[in-house]
Amino acid sequence: MVAFPNVPCPLRIFEPRYRLMMRRCLESGTRQFGMCTCLSSDEENFHEYGTVLKIRDVQYLPDGQMFVDCVGERRFRVLTKGIQDGYRTAIVEFIRHEPLARDEQGDDVRQLLRDVYKESVDWIASIPPMSRARLVHSLGNIPAEDSTSDENPASPDFPPWVWYVVAILPVDQRAQVCFLPMTSLGECVLSLRRVLRYVCHHGQSS
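Residues numbered from 1 in each chain as written. Predicted model: local features only at pLDDT ≥ 70, side-chain atom pairs only at ≥ 80, totals over all residues. Heavy atoms only, no water.

Asks: Just checking my understanding: could you explain the confidence of the model for the protein chain for this structure?
Replies: If pLDDT is low for a region, its predicted coordinates should not be looked at in detail. Put simply, the protein chain has an average pLDDT of 90, and 92% of its residues get 70 or more. Taking the mean pLDDT of every element in the protein chain, the minimum, 92, falls on helix H2 (residues 104-126) and the maximum, 97, on helix H4 (residues 160-168). Overall, residues 149-154 carries pLDDT values under 50, and its contacts beyond four positions in sequence, including any with other chains, amount to six contacts. (pLDDT = per-residue confidence, 0-100. Helix = DSSP H or I, 4+ residues; strand = E, 2+ residues; numbered from the N terminus. Contact = heavy atoms within 4.5 Å.)

Now the structure itself:
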């Protein structure tokens, strides 16, 4: 699983070490933790880019498992890795995207955003009804084109709809993770459009 800013990320926590980590996140008051994608079965081999998740709600089961309702916040890059009581820790630096210029180049990117948003909406509408219903149940509908994060309106990141579409792309996680280091909104949306058109051309599973 890959976590992205402003995208819901429901988790089922069953391993004791991660239940301990969750309890510490809640008890500390931060209700936050970082999530990186493992690139292989070796837990040491996790990607150097990830996303901070905010815990919104927790449900406890009789057997000790936890259903944790999270939403992505900020992206980060791992600087150093560590371990504490069996779970992975890291020192990170946060990623900020480059602000759009108030010139012709910035206007081009704004037009690109409008075009790719429309392509995204059309693609989502083409998803088979049952699959689309599961998607909406899990993540909600695509955010509005001009939306900002409800949790953090001043979020220093790309528009929420961009990350929503990246999160639901029917591609390998390694391809999705490639979006996390991006700081140029124009380059990110161009890459998103290329993947969208590939998916539309080659079809998708139901």
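Asks: How do you make sense of the pattern of salt bridges when you look at a structure like this?
Replies: Pairing between side chains of opposite charge can happen when their charged atoms approach one another. What the rule picks out here adds up to nine salt bridges. We note a salt bridge from Glu93 to Arg77, for which the minimum N-O separation is 2.9 Å. Taken as a pair, Glu93 in strand S5 (residues 87-94) and Arg77 in strand S4 (residues 66-84) lie far apart in primary sequence, 16 residues in all. On the basis of relative accessibility, which here comes to 34%, the residue Glu93 falls in the partly exposed class. (Salt bridge = Lys/Arg side-chain N within 4 Å of Asp/Glu carboxyl O. Buried < 20%, exposed > 50% of the residue type's maximum accessible area, 1.4 Å probe, protein only.)

Asks: Help me understand helix H3 (residues 129-139) in this model?
Replies: One full turn of an α-helix is made of 3.6 residues, so residues set three or four places apart face in the same direction. Among the residues of H3, Ser131, Leu135 and Leu139 are the ones counted as buried. Relative to the axis of H3, the buried residues are bounded by an arc of 40° and lie together on one face. Exposed and oriented more than 90 degrees from the buried face of H3 are Pro129, Met130 and His137. Buried positions along H3 lie against strand S1 (8-13) and H4. Where H3 terminates, the next one or two residues include Gly140, which has phi positive at roughly 80°. (Arc of directions from axis to C-beta.)

Asks: What exactly am I supposed to notice about the packing of H4 against helix H6 (residues 185-202) here?
Replies: Two packed helices can be described by the angle between their axes and the distance between those axes. Relative orientation of the contacting elements H4 and H6 amounts to 35°, with a least axis distance of 11 Å. Regarding H4 and H6, the two cross each other, and that crossing is left-handed. When H4 is examined against H6, the residues Trp161, Val162, Val165 and Val166 are found in contact with a partner set consisting of Cys188, Val189, Leu192 and Leu196. Per-class residue counts for the contact of H4 with H6 are eight nonpolar, no polar and no charged. (Axes fitted to C-alpha atoms, helices over the stretch in contact; angles between N-to-C directions. Left-handed = near helix turned anticlockwise from the far one by under 90°. Nonpolar A, V, L, I, M, F, W, Y, C, P; charged D, E, K, R; others polar.)

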